[in-house]
Amino acid sequence: MRVTKAQAEQNRARIVATASRLFRERGYDGVGVAELMAAAGFTHGGFYKHFSSKADLMAEASASGLAQTAARTESLDAAEFVEHYVSREHREGRGDGCTIAALGGDAARQPTDIKKEFAAGIESLLTALQAQAPTDTPGDADQRAVRATVINMLAHSVGAVMLSRACPDGSPLADEILDVCRREILASLAPGNSDQPTASSPEV
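Bear in mind that the values here come from a model prediction, so they are computed numbers and not experimental data.

Draft legend 1. Inspection of the overall build of the chain at higher detail. Each helix and strand in the chain was counted, giving nine helices and zero strands. From first element to last, N terminus to C terminus, the chain shows the α and β order α-α-α-α-α-α-α-α-α. Buried positions account for 38% of the 204 residues belonging to the chain. As presented, the chain carries roughly 11,200 Å² of accessible surface, and 53% of it is formed by carbon and sulfur atoms.

Draft legend 2. Structural context of the packing of helix H6 (residues 99-107) against helix H7 (residues 112-131). The interhelical angle for the contact between H6 and H7, taken along N-to-C directions, is 150 degrees, at an axis separation of 11 Å. Comparing their axes, H7 and H6 come out roughly antiparallel. Here H6 and H7 pass one another in a crossing that is left-handed. Contact residues: H6 offers Thr99, Ile100, Leu103, Gly104 and Ala107, while H7 offers Lys115, Phe118, Ile122 and Leu125. Looking at side-chain class alone, the contact of H6 with H7 contains six nonpolar, two polar and one charged residues.

Draft legend 3. Structural context of the side chain of Arg91. Tracing the backbone through its elements, the reader meets Arg91 in helix H5 (residues 88-92). Side-chain polar atoms of Arg91 contact the side chain of Asp169, separated by 3.2 Å. Leave out the neighbours within four places in its chain, and Arg91 touches Val161, Ser164, Arg165, Cys167, Pro168, Asp169, Ala174 and Leu178.

Draft legend 4. Layout of the nonpolar core. Among the nonpolar cores identified, the biggest contains 41 residues, and Phe23, Leu36, Leu57, Phe81 and Tyr85 are the most heavily contacted of them. Of all elements in the fold, only helix H1 (5-26), helix H2 (33-40), helix H3 (54-73), helix H4 (78-85), H6, H7, helix H8 (140-165) and helix H9 (172-188) reach the threshold of two or more residues within this core. When residues in this core are grouped by element, the largest group, seven residues, is from H8.

Draft legend 5. Highlighting the environment of Val31. If you trace the backbone, Val31 turns up in the loop between H1 and H2. A sequence separation of twelve residues divides Val31 from Ala19, and the C-alpha atoms of the two residues are 8.8 Å apart. In contact with Val31, not counting residues within four places along its chain, are Leu22, Phe23, Arg26, Leu36 and Lys54.

Draft legend 6. The confidence of the model for the chain, seen in detail. With 89% of its residues at a pLDDT of 70 or more, the chain has an overall mean of 89. Confidence drops under pLDDT 50 across residues 196-204; counting only partners more than four residues distant or on other chains, this segment forms 15 contacts.

Draft legend 7. Broad picture of the pattern of salt bridges. A full pass over the atoms with the stated rule returns nine salt bridges. One salt bridge in this structure joins Arg88 and Glu92, with 3.0 Å as the shortest N-O distance. Residue Arg88 and its partner Glu92 are both found in helix H5; the two are separated by four residues, about one turn of the helix. Accessibility expressed as a relative area gives 52% for Glu92, which makes it exposed. The salt bridge partner of Asp179 is Arg182, with a shortest N-O separation of 2.7 Å. Of this pair, Asp179 and Arg182 are both found in helix H9, three residues apart, which corresponds to roughly one turn of the helix. Residues joined by salt bridges that share partners form a network here, namely Glu83, Asp179 and Arg182.

Reading the values: rules and limits
- Residues numbered from 1 in each chain as written.
- Predicted model: local features only at pLDDT ≥ 70, side-chain atom pairs only at ≥ 80, totals over all residues.
- Heavy atoms only, no water.
- Helix = DSSP H or I, 4+ residues; strand = E, 2+ residues; numbered from the N terminus.
- Buried < 20%, exposed > 50% of the residue type's maximum accessible area, 1.4 Å probe, protein only.
- Areas by Shrake-Rupley, 256 points an atom, 1.4 Å probe, with all protein chains shown as cover.
- Axes fitted to C-alpha atoms, helices over the stretch in contact; angles between N-to-C directions.
- Parallel < 35°, antiparallel > 145°, perpendicular 65-115°, else oblique.
- Left-handed = near helix turned anticlockwise from the far one by under 90°.
- Contact = heavy atoms within 4.5 Å.
- Nonpolar A, V, L, I, M, F, W, Y, C, P; charged D, E, K, R; others polar.
- Polar contact = N/O pair within 3.5 Å; in protein donor to acceptor, adjacent residues only side chain to side chain.
- Core = buried A, V, L, I, M, F, W, Y, C linked by side-chain atoms within 4.5 Å.
- pLDDT = per-residue confidence, 0-100.
- Salt bridge = Lys/Arg side-chain N within 4 Å of Asp/Glu carboxyl O.

Written out as structure tokens, the structure reads:
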């Protein structure tokens, strides 16, 4: 039976969604094409009707996951984002969680195409977070300071989750890392905190 164009698009989207989840759970090298296609409900041979290589799927699946994270963040302010992101629930929910925390280490070893998807996804997430941040004035200097604060917050949040996941699931240290980092990140976001980075800081 011939597959319609609409059905082919739906099938491709299903493969991408399945790959996005499995890659986040197991890493890029932790799942093969045959297993991935079976999980999506298709045969191995059908893969090359949609993608020229696994690397192509990796890039598209990463872009999809990164877009989901940015979309979920659009309605959150910085404190709400940190409360959700630096949490035991997110730590344990790799398959449905942030692609940056799940695959950032893997992406550093991947081809430029995948790194470009990560760069674009990180930029979208920063934009979503920055849009929710209050500013005193609309000037460029103020916007740069807000962006620096958001980058600092995101980097610490991602690092906290990755460090916690590196510990055994039942380890007290895994929770301690999340609790300490969440508290410190939220404190750094408090109004008037002098430790927040500025646009002119040499650390940015």
